[in-house]
Amino acid sequence: MRSIAILLFDDVEVLDACGPFEVFSVANRVAERAGSAAPFEVVLVGIDASPVRARGGMRIGVDTTIDDPRTYDLVLVPGVVDAVEADGRVLEWLQRTRPTAEVVASVCTGAFVLAAAGLLDARPVTTHWEDLELLRTRWPALVVHEGVRYIDHGDLATSAGISAGLDLALHLVARWAGADHALATAGQMDYDWSGAEHP
């Protein structure tokens, strides 16, 4: 079973966080219906223990906080991150969890938090189409790609905006549980996903 941490914070984009949560949750149900063990444990990680108020007003509870010393196989940072990327506690948590994580990933403008934490390098990255130029301007050393849904480098993955997080999560299900499992998960979600490789 792989452990997945999804960072939550006030003004988080709902689908950025809840889309991947749903993908991994449905992937677990698909496995259990087939008589297999659930392949994923999803943990919602808050900056503190209070529920967050997501963008649009949705309240979401958290399971633990960034003070929890546990490690995760996947650490995923959603957007929208205007305040979070300047929060030293979040950046320290990312730097602390990075060495033991199999993958650190972002959805949408979560890439800005990874950049602020110093976790992005010269490999190609992406973000929401509306923020591509800002990412290039603020971190000129980054190779920022447009027109892609997600980019996976094995230990680092970034996706474009909002619904692209579903594609990235399904790709990770395929990577860890097999393409058939990912396609069955997408089918259960009634989500049109071919499993085609990213560029």
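Below: a short report on this structure. Computed from a predicted model, the values in this text were never measured in an experiment. (Residues numbered from 1 in each chain as written. Predicted model: local features only at pLDDT ≥ 70, side-chain atom pairs only at ≥ 80, totals over all residues. Heavy atoms only, no water.)

A look at the overall build of the chain
- Looking only at helices and strands, one finds six helices and eleven strands in the chain.
- The C-alpha atoms of the chain give a radius of gyration of 16 Å, which matches the 16 Å a tight globule of 199 residues would have.
- Projected onto its principal axes, the C-alpha coordinates of the chain cover approximately 45 × 40 × 35 Å.
- A fraction of 63% describes how many contacts in the chain between residues 6 or more apart in sequence connect residues 24 or more apart. (Helix = DSSP H or I, 4+ residues; strand = E, 2+ residues; numbered from the N terminus. Rg over C-alpha atoms; globule rule 2.2 N^0.38 Å. Contact = heavy atoms within 4.5 Å.)

What about the sheet that holds strand β5 (residues 64–65)?
- The strand order β5-β2-β1-β6-β7-β11-β10 describes an open sheet built from seven strands, whose pairing is mixed. Two strands lie at the open edges of the sheet, namely β5 and β10 (150–152), each paired on one side alone.
- Bridge analysis of strand β7 (residues 103–107) against strand β11 (residues 156–159) gives four bridges, and the strand direction is parallel. Residue Ala105 lies in a different strand from β11, and its bridge partner there is Ala157.
- With respect to the sheet, helix α1 (residues 14–33) is in contact with β1 (2–8), β2 (40–46), β6 (74–77) and β7, its orientation differing from that of β2 by roughly 155°.
- Across the sheet, helix α2 (residues 88–97) lies against β1, β2 and β6, angled at about 155° from β6, the strand it touches most. (Pairing = 2+ DSSP bridges. Axes fitted to C-alpha atoms, helices over the stretch in contact; angles between N-to-C directions.)

What about the layout of surface pockets?
- Approximately 200 Å³ is the volume found for the largest pocket.
- Lining of the largest pocket is provided by 15 residues; of these, Val80, Val81, Asp82, Thr109 and Asp131 occupy positions nearest its centre.
- Looking at the lining of the largest pocket, its residues break down into six nonpolar, two polar and seven charged.
- Empty space within the second largest pocket amounts to approximately 160 Å³.
- Every residue along the wall of the second largest pocket is listed here: Phe9, Asp10, Ile47, Asp48, Ser50, Pro51, Val52, Ala83, Val84 and Arg89.
- For the lining of the second largest pocket, the class distribution of residues is six nonpolar, one polar and three charged. (1 Å grid on protein atoms, 1.4 Å probe; cavity = no way out; pocket = protein on both sides within 12 Å on 5 of 7 lines; lining within 4 Å. Points joined across faces, edges and corners; volume = space filled by probe spheres on them. Nonpolar A, V, L, I, M, F, W, Y, C, P; charged D, E, K, R; others polar.)

Some details on a negative patch on the surface
- A surface patch of like charges, here negative, comprises Asp10, Asp11, Asp48, Asp67 and Asp82.
- With respect to the secondary-structure elements, Asp48 resides in the loop between β2 and β3 (52–53).
- Relative accessible area serves as the criterion here: at 42%, Asp48 is assigned to the partly exposed category. (Patch = residues over 30% accessible without salt bridge, like charges linked within 9 Å, V, L, I, M, F, W, Y side chains within 5 Å. Areas by Shrake-Rupley, 256 points an atom, 1.4 Å probe, with all protein chains shown as cover. Salt bridge = Lys/Arg side-chain N within 4 Å of Asp/Glu carboxyl O. Lys, Arg positive; Asp, Glu negative; His and termini not counted. Charge placed at Lys NZ, Arg CZ, Asp CG, Glu CD. Buried < 20%, exposed > 50% of the residue type's maximum accessible area, 1.4 Å probe, protein only.)

Details of the packing of aromatic side chains
- What the rule picks out here adds up to three aromatic pairs.
- Ring centres of Phe40 and Trp176 lie 6.3 Å apart, and the angle between their planes is 50°; this geometry places the pair in the tilted category. With a gap of 136 residues between them, Phe40 in strand β2 and Trp176 in helix α5 (residues 164–177) connect regions that are remote in the sequence.
- A residue is classified by how much of its surface remains accessible, and Trp176, at 15% relative accessible area, is buried.
- Arranged with centres 5.9 Å apart and planes meeting at 70°, the rings of Phe112 and Trp139 form a pair that is edge-to-face. Of the two residues, Phe112 sits in helix α3 (residues 110–116) while Trp139 sits in the loop between α4 (132–138) and β9 (143–144), which places them 27 residues apart along the sequence.
- For Phe112, a relative accessible area of 3% translates into the label buried.
- Taken together, the ring pairs in this structure connect Phe24, Phe40 and Trp176 into an aromatic cluster. (Phe/Tyr/Trp six-rings, centres within 6.5 Å; stacked < 30°, edge-to-face > 60°.)

Brief notes about the pairing of β1
- Along β1, six of the seven residues are buried, which leaves the element largely enclosed by surrounding structure.
- For β1 and β2, the ladder comprises seven bridges, and the chain directions are parallel. Each residue of the ladder has a partner; that of Leu7, found in β2, is Val45.
- For the crossover from β1 across α1 to β2, the handedness is right-handed.
- In this sheet, β6 lies alongside β1 in parallel orientation, the contact comprising three bridges. Considered in β6, the bridge of Ile4 is made with Leu74. (Right-handed = clockwise from strand over helix to strand, strands pointing away.)

What to know about the pattern of salt bridges
- Across all of its chains, the model carries 14 salt bridges by this definition.
- A salt bridge links Asp155 to Arg98; the shortest N-O distance between them is 2.7 Å. Separated by 57 residues along the polypeptide, Asp155 in the loop between β10 and β11 and Arg98 in the loop between α2 and β7 bring together distant segments of the chain.
- Look at Arg98 and you get buried, because its relative accessible area is 17%.
- Note that Arg136 is salt-bridged to Glu133, the shortest N-O span being 3.2 Å. Here Arg136 and its partner Glu133 are both found in helix α4, three residues apart, which amounts to about one turn of the helix.
- Since its relative accessible area comes to 26%, Arg136 is described here as partly exposed.
- The network of salt bridges with shared partners includes Arg2, Glu102, Asp152 and Arg175.

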